[in-house]
Amino acid sequence: MAEGAEGAEARLARAEPAIEKYVWLRDLRERDEREFFALLMRRTETVLPFVYTPTVGEACQRYSQLPLKTQGLYLSLADKGHLLERLQAWPYQGVRVVVATDGERILGLGDLGSGGMGISEGKILLYTAAAGVPPSLCLPICLDVGTNNDELLKDPTYNGLRQRRPAEAEYSSFMDEFMSALRAWAPHVLLQFEDFGNHNAFWLLNEYRGRQCCFNDDIQGTACICLAGILSGLRLAGRRLVDETILFLGAGEAGVGIGELIALALHRWEGLSIDEARRKCIFLDSKGVVCAGRPGKLQAHKTAFAHDIPHHSDLLSAVEEFKPGVLIGVSTIAGAFNQAVVEKMAELNERPLIFPLSNPTSKSECTFEQAMQWTKGSVVFASGSPFDPLEGPDGRMRYPAQANNAYIFPAVGHAAVLCQASAITEEVFLHAAKTLAGLSPQADLEAGRLFPPFSGILDVSLQLMCSLAQHMCGSGLSQKPTGLEGDDWDRFFRDRMYVAEGRRSSL
């Protein structure tokens, strides 16, 4: 029996702890999908932390032990040679959006193998909640290629493939079959790569972006929302991107993705060469500053940022040496932005931009409260995980911005799907970042809201989709779609956005 809107919200509020809310929400979807999506879309800010981050991290860790009915499709190494058949057997044909992971780098939690299904299931819900993609057209996939997590391999409850991850050649062959099967099954499907390990994320994106309408959210989505936050923060601080030095703690796919998009922005908007633009971004990894003179071989994705600069082994020394105006954390090292580091940033900058982006909350480089306290309220803050607002030194409430990729990837994806875009280029993400950064009025920026309120995410996504669709058509990535009357993109998208109360429009 349906609980009704008020009953569902009351039941959700009573469930404790957070993982119980997660399980209850999945059960609600199984019992009454319409009611589940009505709740998700009506109370997105309330529900989102329990269907996605931060709760989904624990769910992925315990995926085999929780009472869950899998909502996506597992494709295993054991299915090799039959991947197309597996896709063709999926109950819902006509899929237009796929989120796929191989479970190797789930959030900041590492290799969770088949438990990575939870990340695909959670992420794909945001296409509906944030951009109105009908849920029947969305498919979460976990590519089960084994795990190198010894604890999982020893766990009798683990339901994934019980073997270590394959060698490069076998993995590449499996991925090539998957990509070919996906194109054969659904030629205009959008594929989002999610939480692949660094060593696979970059080459997969580079290999298939020219053959498939695809993107990697950890590399490109994170870069886009971070760039949008920086643009908003610099507008608040009265500074220009071209004058900034940006210091990163962490040089994995998220950090390097952000650095590359910042460099492209400086190249396209300010006329710097790509090399000049990259020199504005300085990275620290586990061995210290990434630089040309450092002993040992650098991973391939870091080499473009190995500048001829002094080496420092710790973050505080790097801040003192390079005097950044923007500090970005993508390290998954909790507390890495300590008091000394944050105070030095405040000493160097009247309004320091400090972005601890690591997820989940337990991995955040610092909290909003710490950043506010150690900068005496001068910080321009954005984080990967949500934090509560605080009263500032002037007595006004300050709101921590959450650099949530959900502002970006659902709108990018839905625009690409409806326009049948041939590809999603880096310029698409540049355009999205600039558009999003322009949506927050000055009064909101001064309160700390670098992004529009997430409670209005469908309206935000609608504005982004209209702008992105015009960009895609204007740049030759797509043609104007059938059904568009004149240039009334707003009506075109509104008519095709899912409404949980019953109206579903065909793509």
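Thresholds applied
Residues numbered from 1 in each chain as written. Predicted model: local features only at pLDDT ≥ 70, side-chain atom pairs only at ≥ 80, totals over all residues. Heavy atoms only, no water. Helix = DSSP H or I, 4+ residues; strand = E, 2+ residues; numbered from the N terminus. Rg over C-alpha atoms; globule rule 2.2 N^0.38 Å. Buried < 20%, exposed > 50% of the residue type's maximum accessible area, 1.4 Å probe, protein only. Expected span 1.5 Å × (residues − 1). Contact = heavy atoms within 4.5 Å. 1 Å grid on protein atoms, 1.4 Å probe; cavity = no way out; pocket = protein on both sides within 12 Å on 5 of 7 lines; lining within 4 Å. Points joined across faces, edges and corners; volume = space filled by probe spheres on them. Nonpolar A, V, L, I, M, F, W, Y, C, P; charged D, E, K, R; others polar. Pairing = 2+ DSSP bridges. Axes fitted to C-alpha atoms, helices over the stretch in contact; angles between N-to-C directions. Parallel < 35°, antiparallel > 145°, perpendicular 65-115°, else oblique. Left-handed = near helix turned anticlockwise from the far one by under 90°.

So, on to the overall build of the chain. Looking only at helices and strands, the chain features 21 helices and 14 strands. In terms of overall dimensions, the chain is globule-like: its C-alpha atoms have a radius of gyration of 22 Å, near the 23 Å expected for 507 residues. Overall, the chain is about 60 × 50 × 50 Å in size when its C-alpha atoms are taken along their principal axes. Residue burial in the chain is summarised as follows: out of 507 residues, 60% are buried.

When the terminal C-alpha atoms of helix α18 (residues 426-437) are compared, their 17 Å separation across 12 residues agrees well with the 16 Å that a helix rising 1.5 Å per residue should span. Buried residues of α18: Val428, Phe429, Leu430, Ala432, Ala433, Thr435, Leu436 and Ala437, and no others. As for α18, its buried residues are in contact with β5 (214-216), α11 (217-237), α12 (253-270), α17 (409-419) and α20 (457-474).

The next point concerns the layout of surface pockets. The computed volume of the largest pocket comes to approximately 920 Å³. Together, 48 residues line the largest pocket, and Arg105, Ala254, Val330, Thr332 and Ser358 are the ones closest to its centre. When residues of the lining of the largest pocket are traced back to their parent elements, those giving at least two are α10 (198-208), α11, α12 and β7 (281-285). When residues in the lining of the largest pocket are grouped by element, the largest group, four residues, is from α11. When its residues are assigned to classes, the lining of the largest pocket shows 16 nonpolar, 22 polar and 10 charged. For the second largest pocket, the calculated volume is near 610 Å³. Elements with a contribution of two residues or more to the lining of the second largest pocket: α4 (44-51) and β14 (401-402). Ranked by residue count, the leading element in the lining of the second largest pocket is α4, at three residues.

Our focus in this paragraph is the sheet that holds β7. One open sheet accounts for seven strands, arranged β8-β7-β6-β9-β10-β11-β14; its pairing is mixed. Across the chains shown, the open sheet's two edge strands, defined by having one partner strand only, are β8 (288-289) and β14. Helix α14 (residues 315-322) contacts β6 (246-249), β7, β8 and β9 (326-329) of the sheet and is inclined by roughly 170° relative to β6.

One way to put it is that α11 packs onto α12 with a least axis distance of 8 Å and a crossing angle of 55°. In terms of their interaxial angle, α11 and α12 are classed as oblique. Handedness of the α11/α12 crossing: right-handed. Taken together, the residues of α12 that come into contact with α11 (itself represented by Asp218, Ile219, Thr222, Ala223, Cys224, Cys226, Leu227, Ile230 and Leu231) are Glu253, Ala254, Gly257, Ile258, Leu261, Ile262, Ala265 and Trp269. Looking at the contact of α11 with α12 residue by residue, the classes come out as 13 nonpolar, two polar and two charged.

This paragraph deals with empty space enclosed by the protein. This structure, assessed with the given rule, holds four cavities of 30 Å³ or more. Taken as a whole, the largest cavity encloses approximately 80 Å³ of empty space. In this structure, the largest cavity is lined by Tyr22, Leu25, Arg26, Arg29, Phe36, Val51, Gln71, Gly118, Glu121, Gly122 and Leu125. Elements represented by at least two residues in the lining of the largest cavity include exactly α2 (18-31) and α7 (117-131). In terms of residue class, the lining of the largest cavity is built from five nonpolar, three polar and three charged.

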